[in-house]
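Examination of the molecular architecture
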Amino acid sequence: MPAVVAHPDDESFGLGGLPALLSDGGVPTTVLCFTHGEASTLYGRPGDLHNVRAGELACAARELGVERVELAGHPDGGLTDVSRHRLASETARLIGELRPSHLLVFDAGGVTGHRDHQRATSAAQFAARQVGIAVLGSTLPRRWRTG
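Residues numbered from 1 in each chain as written. Predicted model: local features only at pLDDT ≥ 70, side-chain atom pairs only at ≥ 80, totals over all residues. Heavy atoms only, no water.

Side note on helix H2 (residues 49-64)
With 16 residues, H2 extends 22 Å between its outermost C-alpha atoms, agreeing within 8% with the 22 Å of an ideal straight helix rising 1.5 Å per residue. Residues of H2 that are buried include every one of Leu 49, Val 52, Arg 53, Leu 57, Ala 60, Ala 61 and Leu 64, and no others. Along its buried surface, H2 packs onto helix H1 (17-24), strand E2 (30-35) and strand E3 (68-74). (Helix = DSSP H or I, 4+ residues; strand = E, 2+ residues; numbered from the N terminus. Expected span 1.5 Å × (residues − 1). Buried < 20%, exposed > 50% of the residue type's maximum accessible area, 1.4 Å probe, protein only. Contact = heavy atoms within 4.5 Å.)

Structure (structure tokens):
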């Protein structure tokens, strides 16, 4: 089952339990991540954020049992400037390759209200509707949301 996320760490934050559970059950899992998370702040951690965050995503994927990771490289904090159709076509391409029964995404509010999360979810939902597969949205209780 593919998970579609905006940033490295989104695969773990809120979504990680389900890909790990599916993987443990023998279900192949994939993460499509639209950005490298380079706008993040690491508070003194050395290294190029573009590469550091890609490494973090790869490490998290191994821990979760995710078989495949695709890192698209759109600008972190700028997914609203990328056409929803472009993001949806990247998602649809992956759906076409994997032929999953479902996609896993954050809820439409973007979990924390982050606009990149909302855009990634919107694009994934659009792609899923186009090809006729179900979407599972991971939702946090409203009191845990920051946005």
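What to know about the nonpolar core
Within the largest apolar cluster, 19 residues are counted, with the highest numbers of intra-cluster contacts made by Val 4, Phe 34, Leu 79, Leu 87 and Leu 103. Of all elements in the fold, only E2, helix H3 (84-98), strand E4 (102-106) and helix H4 (115-131) reach the threshold of two or more residues within this core. Looking at which element gives the most residues to this core, the answer is H4, with six residues. What Val 4 contacts, discounting residues up to four positions off in sequence, is Leu 32, Phe 34, Thr 91, Leu 103, Leu 104, Val 105, Ala 120 and Ala 124. Judged by nonpolar contacts, the second largest core, of 14 residues, contains Met 1, Val 5, Ala 61 and Val 66. (Core = buried A, V, L, I, M, F, W, Y, C linked by side-chain atoms within 4.5 Å.)

Quick word on the confidence of the model for the protein chain
The share of residues in the protein chain with pLDDT of 70 or more is 88%, and the mean pLDDT across the chain is 88. Mean pLDDT per element in the protein chain: strand E5 (residues 134-138) is the minimum at 85, and H3 is the maximum at 97. (pLDDT = per-residue confidence, 0-100.)

So, the packing of H3 against H4
The contact between H3 and H4 brings their axes to 8 Å, and the two run at 55 degrees. Classed by the angle they form, the pair H3 and H4 counts as oblique. Pair H3 / H4 crosses with right-handed handedness. Here H3 contributes Arg 84, His 85, Leu 87, Ala 88, Thr 91, Ala 92 and Ile 95 to the contact with H4, which in turn contributes Arg 119, Ser 122, Ala 123, Ala 124, Phe 126, Ala 127, Ala 128, Arg 129 and Val 131. Each residue belonging to the contact of H3 with H4 can be placed in one class, and the counts come to ten nonpolar, three polar and three charged. (Axes fitted to C-alpha atoms, helices over the stretch in contact; angles between N-to-C directions. Parallel < 35°, antiparallel > 145°, perpendicular 65-115°, else oblique. Left-handed = near helix turned anticlockwise from the far one by under 90°. Nonpolar A, V, L, I, M, F, W, Y, C, P; charged D, E, K, R; others polar.)

Some remarks on unusual backbone geometry
Although it is not a glycine, Asp 9 sits at a positive phi angle of roughly 100 degrees. Inspection of the secondary structure assignment puts Asp 9 in the loop between strand E1 (2-5) and H1. Residue classification places Asp 9 among the partly exposed positions, given a relative accessible area of 40%. In the Ramachandran plot, Arg 99 falls in the positive-phi region, its phi being about 50 degrees despite a non-glycine side chain. With relative accessibility at 69%, the residue Arg 99 sits in the exposed group.

A short note on the side chain of Glu 70
One can find Glu 70 in strand E3. In this structure Glu 70 comes out as buried when scored by relative accessible area, which is 16%. Glu 70 has contacts with Val 31, Leu 32, Cys 33, Arg 93, Leu 94 and Glu 97, leaving out every residue within four places of it along the chain.

So, the side chain of Thr 121
Inspection of the secondary structure assignment puts Thr 121 in helix H4. Not counting residues up to four positions away in its chain, the partners in contact with Thr 121 are Val 105, Phe 106, Asp 107 and Ala 108.

Details of the environment of Arg 68
For Arg 68, the position within the fold is in strand E3. For the pair formed by Arg 68 and Pro 28, sequence separation is 40 residues and the distance between their alpha carbons is 8.6 Å. For Arg 68, the contacting residues outside a window of four places in its chain are Thr 29, Thr 30, Val 31, Arg 93, Leu 94, Glu 97 and Leu 98. One polar contact links Arg 68 to Glu 97, side chain to side chain, over a distance of 2.6 Å. (Polar contact = N/O pair within 3.5 Å; in protein donor to acceptor, adjacent residues only side chain to side chain.)

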